[in-house]
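Listed below are the residues making up each chain.
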Amino acid sequence: MKSVALKAYPRSQVQRAEVKKLRASGRVPATIYGRQAGPQNLELNSKEFADLLNHAASENVLVDLTVDSDVRAKRLALVQEIQHHPLDGKVLHVDFHEVAENEKVTVQVPVETSGEAAGVKTGGGTLEHILFKLKVRSLPKDLPEQIVLDVTALEIGKSIHVGDIQAPSGVEILGDKHLTVVAVSAPRAEEEVAGAAAATAAGDVEMTKEKKDEAGGAPAAKGDAKAAAGDKKADAKPEAKAEKKK
Amino acid sequence: MAMQPARVKFRKMHRGSRTGLATRGHTVAFGEYGLMALERCWMDAKQIEAARVAIARNMKRHGKLWIRVFPQKSFTKKPLETRMGKGKAPVEGWVAVIRPANVLFEVDGVTEAIARESMRLAATKLPIKTKFVSRHHHAS
């Protein structure tokens, strides 16, 4: 993975209202941490960072961070996490993980498929993408932006497991080798579709606490009786007062 | 038949609050494409079912469909010409509480064109504005 140059500025605003103002002014709050130095709050130009993301294949980006008024001219960092707004997708906050060029890092890399599987093309099956990210370990410069799997030879009932994936040179794929990444399933029969629809059919909703509620009904009845008694007393009181006045 | 819980602890519920944005279930998690809510509502089981049928018909038994919302909440309705009071009314139906950014449906194994058309047809069955989202391009 090639590193991309990015400019950052030190940030002193940490409170919520201040950070909101910062975002409104076209900046994105960020932070950098790592083994080389202590954590530091930063801010980025939101447009510059959005352009960087738009041109990247995934959110795994290696950046050469130039921090204003910093002792070191450049800091090599991986984008560790990007927080997005749930509705409009705007970047809210970025985490940078400072890495050393000669130290291996462990990163989650997205898995993509290329081509149309034979089982889908001829057999009418469905390509099922089960694992969307793979954990890999390598030097920062060897990190792949994404792992592309060729699925053109995949027949119905066949699958690609983590152990089957040919890792790029210098990259080690971690995790259980038996996990399925991509599979081609057989086309669904009509009965199966009808069965799925019927499965949703349901009668009355069963209550798990029904018996307890019945037991709880007795005190409520007592309460009602008390309330009724209370009403009688309330009715009786004004009459008594009227008699006293007489 | 519309969806409803198989078993509940208490049949009648408080109305609750539906303010804010969805903090969970706001990403495309299983499929490739999804339908995201842009408004808030109580989506009843019939609406979810109508949207599901619309998607399934357009996809013609190809691909896979995920329904990401479930009507967990019961709502009650007083009978007509009934005076107020006398306790909470009987359960009328079941709804899912939808907040903006909730992903309602997801599909996979079909082309983007088919997914878009399926989601458009599903959106016509729903009481709120929605948008088509993809796993690759973040909500924006």
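So, here's what we can say about the structure. Values in this document were obtained by computation on a predicted structure and should not be read as measured data.

1. Things to note about the packing of aromatic side chains
Here is step 1 of the chain: Tallied over the entire structure, the rule returns three aromatic pairs over all chains.
Here is step 2 of the chain: Judged by centre distance (6.5 Å) and plane angle (90°), the rings of F49 of chain A and F96 of chain A are edge-to-face. Of this pair, F49 of chain A sits in helix α2 (residues 46–54) while F96 of chain A sits in strand β6 (residues 91–98), placing them 47 residues apart in sequence.
Here is step 3 of the chain: Ring centres of Y33 of chain B and F132 of chain B lie 5.5 Å apart, and the angle between their planes is 25°; this geometry places the pair in the stacked category. Taken together, the residues Y33 of chain B in strand β2 (residues 33–37) and F132 of chain B in strand β8 (residues 130–134) connect sequence positions 99 residues apart. F132 of chain B matches Y33 of chain B in its accessibility class, with the two residues each being buried.
Here is step 4 of the chain: Positioned above the aromatic ring of Y9 of chain A is the side chain of R27 of chain A, whose terminal nitrogen or guanidinium carbon lies 4.3 Å from the ring centre.
Here is step 5 of the chain: Across from the ring centre of F132 of chain A, 3.4 Å away, lies the NZ or CZ of R135 of chain B, which sits over that ring.

2. Some points on the sheet that holds strand β6 (residues 91–98) of chain B
Sheets are built from strands paired through backbone hydrogen bonds, the pairs being either parallel or antiparallel.
All names here are of chain B.
Here is step 1 of the chain: Across the sheet, three strands lie side by side as β3-β6-β5; this open sheet has antiparallel pairing. What marks the edges here is a single partner per strand, and that holds for β3 (41–44) and β5 (73–76). Averaged over all adjacent pairs, the angle separating strand axes in this sheet is 50°, with direction ignored.
Here is step 2 of the chain: Packed onto the sheet, helix α1 (residues 45–59) meets β3 and β6 and runs at close to 65° relative to β3.

3. What to know about the pattern of salt bridges
All names here are of chain A.
Here is step 1 of the chain: Under the criterion given, the structure shown has 13 salt bridges over all chains.
Here is step 2 of the chain: Between E43 and R27 there is a salt bridge whose closest N-O contact spans 2.6 Å. Residue E43 is located in strand β3 (residues 40–45), and its partner R27 is located in strand β2 (residues 27–34); the two are separated by 16 residues in the primary sequence.
Here is step 3 of the chain: R72 is the partner of E98 in a salt bridge, and the nearest nitrogen-oxygen pair spans 2.8 Å. Pair noted here: E98 is in strand β6 and R72 is in the loop between β4 (62–67) and β5 (75–84), with a separation of 26 residues, a long-range link.
Here is step 4 of the chain: The class for E98 is buried, based on a relative accessible area of 5%.
Here is step 5 of the chain: Classification of R72 by relative accessible area gives partly exposed; the value is 32%.

4. Considerations on the packing of α1 of chain B against helix α2 (residues 112–123) of chain B
Residues and elements named next belong to chain B.
Here is step 1 of the chain: Remark: α1 packs on α2, axes separated minimally by 8 Å, with the N-to-C direction vectors making an angle of 150°. Put simply, α1 runs roughly antiparallel to α2. Helix-helix and strand crossings are classified by hand; for α1 and α2 the assignment is right-handed. Mapping the contact onto sequence places A51, A54, I55, N58 and M59 in α1 and I114, E117, S118, M119, L121 and A122 in α2.
Here is step 2 of the chain: When the residues that make up the contact of α1 with α2 are grouped by side-chain class, the tally is eight nonpolar, two polar and one charged.

5. Remarks on the sheet that holds strand β1 (residues 4–10) of chain A
All names here are of chain A.
Here is step 1 of the chain: Reading around the circumference, β1-β3-β2-β6-β5-β4 is the order of the six strands in this closed barrel, with mixed pairing throughout. Neighbour to neighbour, the strand axes of the sheet diverge by 45° on average, direction disregarded.
Here is step 2 of the chain: Of the pairings in the sheet, the one linking β2 to β3 comprises six bridges and is antiparallel in character. Along β3, the bridge assignment pairs P29 with E43.
Here is step 3 of the chain: Sheet strands touched by helix α1 (residues 16–24): β2, β3 and β6. Its angle to β2, the strand with the most contacts, is close to 115°.
Here is step 4 of the chain: The sheet strands contacting α2 are β1, β2, β3, β4, β5 and β6, and the helix crosses β3 at an angle near 80°.

What counts, and at which threshold
Residues numbered from 1 in each chain as written. Chains lettered and ligands numbered in written order. Predicted model: local features only at pLDDT ≥ 70, side-chain atom pairs only at ≥ 80, totals over all residues. Heavy atoms only, no water. Phe/Tyr/Trp six-rings, centres within 6.5 Å; stacked < 30°, edge-to-face > 60°. Helix = DSSP H or I, 4+ residues; strand = E, 2+ residues; numbered from the N terminus. Buried < 20%, exposed > 50% of the residue type's maximum accessible area, 1.4 Å probe, protein only. Lys NZ or Arg CZ within 6 Å of the ring centre and 35° of its normal. Pairing = 2+ DSSP bridges. Axes fitted to C-alpha atoms, helices over the stretch in contact; angles between N-to-C directions. Contact = heavy atoms within 4.5 Å. Salt bridge = Lys/Arg side-chain N within 4 Å of Asp/Glu carboxyl O. Parallel < 35°, antiparallel > 145°, perpendicular 65-115°, else oblique. Left-handed = near helix turned anticlockwise from the far one by under 90°. Nonpolar A, V, L, I, M, F, W, Y, C, P; charged D, E, K, R; others polar.

Note that every value here comes from positions in space, so none of it alone points to a role or purpose.
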